[in-house]
Amino acid sequence: MKILVVGGAGYIGSHVVKALLKAGHDVTVFDNMSSGREENLFPQAGFIRGDILNTKDLDSCLSQGWDAAIHLAAFKAAGESMLKPEKYSINNITGTLNLLNGFAEYGVKKVVFSSSAAIYGEPQYLPIDENHPKDPENYYGFTKLEIERFLHWYDKLKGIRFAALRYFNAAGYDIDGEIKGLEQNPANLLPVIMEAAAGWREALKVFGNDYDTKDGTGVRDYVHVSDLADGHVKALNYITEKDESLIVNLGSEEGLSVLQLLEAARKVSGREIPADIVERRPGDPAKLVASSSLAKELLGWEAKYSDVESLVRTSWDAYKDAKK
Ligand code: UD1
């Protein structure tokens, strides 16, 4: 298939591009390079520099004709979204509506969308399945939930079939070590640990050790980015073959604590990695773990590389020789 990957130069996008190329697709990246990296672009894929907020950019790209699009272009820092909701409204919501209108106009009938576990909010029960109540705790999660709702309507009214993939905590780097473009100013746990291991920050701040969890620190479901990428290929196959839309969680179904990741990183890197226990971060639940049984049942998808050792080893492979 001829596939447009919007946001394909980013952290998750670049891994998705690699998986699509490997599956034999004809892939082009559309990215404004605001957080995408040149080094994440594959020579085998096309590249169009453009912005989803610029309808001229979109017209000239979408008029080239595409069988499917993967949409990963979004801001994703939950904390920032509470301080600058306008930024998230414009880029995540307006940008996605521009894309959907373009898809409707130019006949792009299949879309895979990066949704998030952030749409569920504070867990009412664990593991979290797709029927869990949706009550986002932050504005970022709200934008993702709204976009899922728009997708339902564009399916119904415009025949656009979609897969909304609700990622849990994306982590790790390319399992083959080919993609090494690092995220700038990361806020997520594993890249922060890696930057501390590389000596780029003084210490990891552990946000609270008095949660009701195995060691008192926050527990999350970390899913390897190469597993996520494989989920996109499978989801696209599903909506193509079944001609119906799909919503699934993508998670490892394993809970790892902050200290577990820290200890694994110390072991793999051989570095001391200083860490300080600080106050809890507001809005952080104690524990989030996915049920991915629906993805297994419908897509035959399962996390293969989301064990703590693979998450940390592939991350350290990307960071250990990198320059800040
Ligand atoms: C992250 C994203 C959220 C996304 C969700 C699901 C952010 C801020 N949050 O949530 O947008 O939807 O994954 O994919 O980008 N921690 C520390 N010290 C740090 C950083 C984190 O102790 O410096 C702890 C947190 O308290 C938490 C765990 O590590 O217990 C994971 O945090 P983080 O990587 O930020 O992810 P989430 O907040 O779970």
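Residues numbered from 1 in each chain as written. Predicted model: local features only at pLDDT ≥ 70, side-chain atom pairs only at ≥ 80, totals over all residues. Heavy atoms only, no water.

### Some details on the pairing of strand S8 (residues 204-207)
Move 1: A one-sided burial pattern is seen for S8, the buried positions being Leu204 and Val206 and the unburied ones Lys205 and Phe207.
Move 2: One ladder, built from 4 bridges, connects S8 with strand S13 (residues 275-278); its direction is parallel. The residue bridging valine 206 from the neighbouring strand is isoleucine 277, located in S13. (Buried < 20%, exposed > 50% of the residue type's maximum accessible area, 1.4 Å probe, protein only. Helix = DSSP H or I, 4+ residues; strand = E, 2+ residues; numbered from the N terminus. Pairing = 2+ DSSP bridges.)

### Some thoughts on the side chain of serine 306
Move 1: Along the chain, serine 306 turns up in the loop between helix H9 (293-299) and helix H10 (308-319).
Move 2: Engagement of the side chain of serine 306 in a polar contact is seen with the backbone nitrogen of histidine 224, the distance being 2.8 Å.
Move 3: Within the structure, serine 306 has its side chain in polar contact with the side chain of aspartate 227 (distance 2.7 Å).
Move 4: Excluding residues within four positions of it along the chain, serine 306 makes contact with Tyr222, Val223, His224, Asp227, Ser252 and Leu311. (Polar contact = N/O pair within 3.5 Å; in protein donor to acceptor, adjacent residues only side chain to side chain. Contact = heavy atoms within 4.5 Å.)

### Some points on the domain arrangement of the protein
Move 1: By domain assignment, the protein separates into domain 1 (2-171 + 223-250) and domain 2 (189-221 + 253-319).
Move 2: Spacing between the C-alpha centres of domain 1 and domain 2 amounts to 24 Å.
Move 3: Contacts between the two partners involve 26 residues from domain 1, matched on the other side by 25 residues from domain 2.
Move 4: Summed over both sides, the interface of domain 1 with domain 2 buries roughly 2100 Å², with 66% coming from carbon and sulfur.
Move 5: Considering only the surface of domain 1 that becomes buried against domain 2, His224, Asp227 and Lys234 emerge as the three largest contributors, covering 24% of it.
Move 6: At the boundary of domain 1 and domain 2, one finds 0 salt bridges.
Move 7: Linking domain 1 to domain 2 there are 10 residue pairs in polar contact (both at pLDDT 80 or more). (Domains from an automatic or database assignment. Buried area = accessible area lost by both parts, 1.4 Å probe. Salt bridge = Lys/Arg side-chain N within 4 Å of Asp/Glu carboxyl O.)

### Remarks on the nonpolar core
Move 1: Ranked by size, the top nonpolar core spans 63 residues in total, and within it Leu20 and Ile193 carry the most contacts.
Move 2: Considering each element in turn, this core owes the most residues, 8 residues, to helix H7 (residues 225-242).
Move 3: Residue contributions to this core reach at least three from each of two domains, namely domain 1 (2-171 + 223-250) and domain 2 (189-221 + 253-319).
Move 4: If we ignore the near neighbours within four places in the chain, the residues touching isoleucine 193 are Leu204, Leu261, Leu262, Ala265 and Ile273.
Move 5: Val6, Ile48, Leu100 and Val108 belong to the second-largest nonpolar core, a separate cluster that totals 24 residues. (Core = buried A, V, L, I, M, F, W, Y, C linked by side-chain atoms within 4.5 Å.)

### A few points about the pattern of salt bridges
When the charged atoms of two side chains with opposite charge come close together, those side chains can pair.
Move 1: Applying the stated rule across the entire model yields 21 salt bridges.
Move 2: A salt bridge links lysine 76 to glutamate 183, with the nearest nitrogen and oxygen atoms 2.9 Å apart. With lysine 76 in the loop between strand S4 (68-71) and helix H3 (78-83) and glutamate 183 in the loop between strand S7 (169-171) and helix H6 (189-197), the pair connects residues that are 107 residues apart, well separated along the chain.
Move 3: Overall, lysine 76 belongs to the partly exposed group, its relative accessible area being 42%.
Move 4: Note that arginine 266 is salt-bridged to glutamate 263, the shortest N-O span being 2.8 Å.

### Thoughts on the layout of surface pockets
Move 1: Looking at the second largest pocket, its volume works out to about 290 Å³.
Move 2: Lining of the second largest pocket is provided by 15 residues; of these, Ala19, Lys22, Ser226, Asp230 and Tyr305 occupy positions nearest its centre.
Move 3: Mapped by element, the contributors of at least two residues to the lining of the second largest pocket are helix H1 (11-22) and H7.
Move 4: Ranked by residue count, the leading element in the lining of the second largest pocket is H7, at 5 residues.
Move 5: When grouped by side-chain class, the residues that make up the lining of the second largest pocket number 6 nonpolar, 2 polar and 7 charged. (1 Å grid on protein atoms, 1.4 Å probe; cavity = no way out; pocket = protein on both sides within 12 Å on 5 of 7 lines; lining within 4 Å. Points joined across faces, edges and corners; volume = space filled by probe spheres on them. Nonpolar A, V, L, I, M, F, W, Y, C, P; charged D, E, K, R; others polar.)

### Here's the deal with the side chain of serine 114
Move 1: Locating serine 114 in the fold gives a position in strand S5 (residues 110-116).
Move 2: Looking at serine 114, the relative accessible area reads 6%, which means it is buried.
Move 3: In this structure, serine 114 is in contact with His71, Leu72, Lys144, Leu165 and Tyr167, ignoring residues within four places of it in sequence.

### Focus on the sheet that holds strand S2 (residues 26-31)
One key point about sheets: their strands pair by backbone hydrogen bonds, in either a parallel or an antiparallel sense.
Move 1: Read across the sheet, 7 strands follow the order S3-S2-S1-S4-S5-S6-S11 without closing on themselves; strand pairing throughout is parallel. What marks the edges here is a single partner per strand, and that holds for strand S3 (46-49) and strand S11 (246-250). Between one strand axis and the next, the sheet turns by 20° as a mean value, whatever way the strands run.
Move 2: Strand direction decides the pairing type here: S2 and S3, joined by 4 bridges, are parallel. Opposite threonine 28, over in S3, you have glycine 46 as the bridge partner.
Move 3: Running over the sheet, helix H2 (residues 55-62) touches strand S1 (2-6), S2 and S3 and is turned about 170° from S2.
Move 4: Together, S5, strand S6 (161-167) and S11 form the strand contacts of helix H5 (residues 139-158), whose direction differs from that of S5 by roughly 155°. (Axes fitted to C-alpha atoms, helices over the stretch in contact; angles between N-to-C directions.)

### Remarks on empty space enclosed by the protein
Move 1: Across all of its chains, the model carries 1 cavity of 30 Å³ or more by this definition.
Move 2: One number sums up the size of the largest cavity: a volume of about 40 Å³.
Move 3: Taken together, His71, Thr96, Leu99, Leu100, Phe103, Val111, Phe113, Ile147 and Leu151 make up the lining of the largest cavity.
Move 4: If one sorts the elements of the lining of the largest cavity by residue count, helix H4 (residues 85-106) sits on top with 4 residues.
Move 5: When its residues are assigned to classes, the lining of the largest cavity shows 7 nonpolar, 2 polar and no charged.

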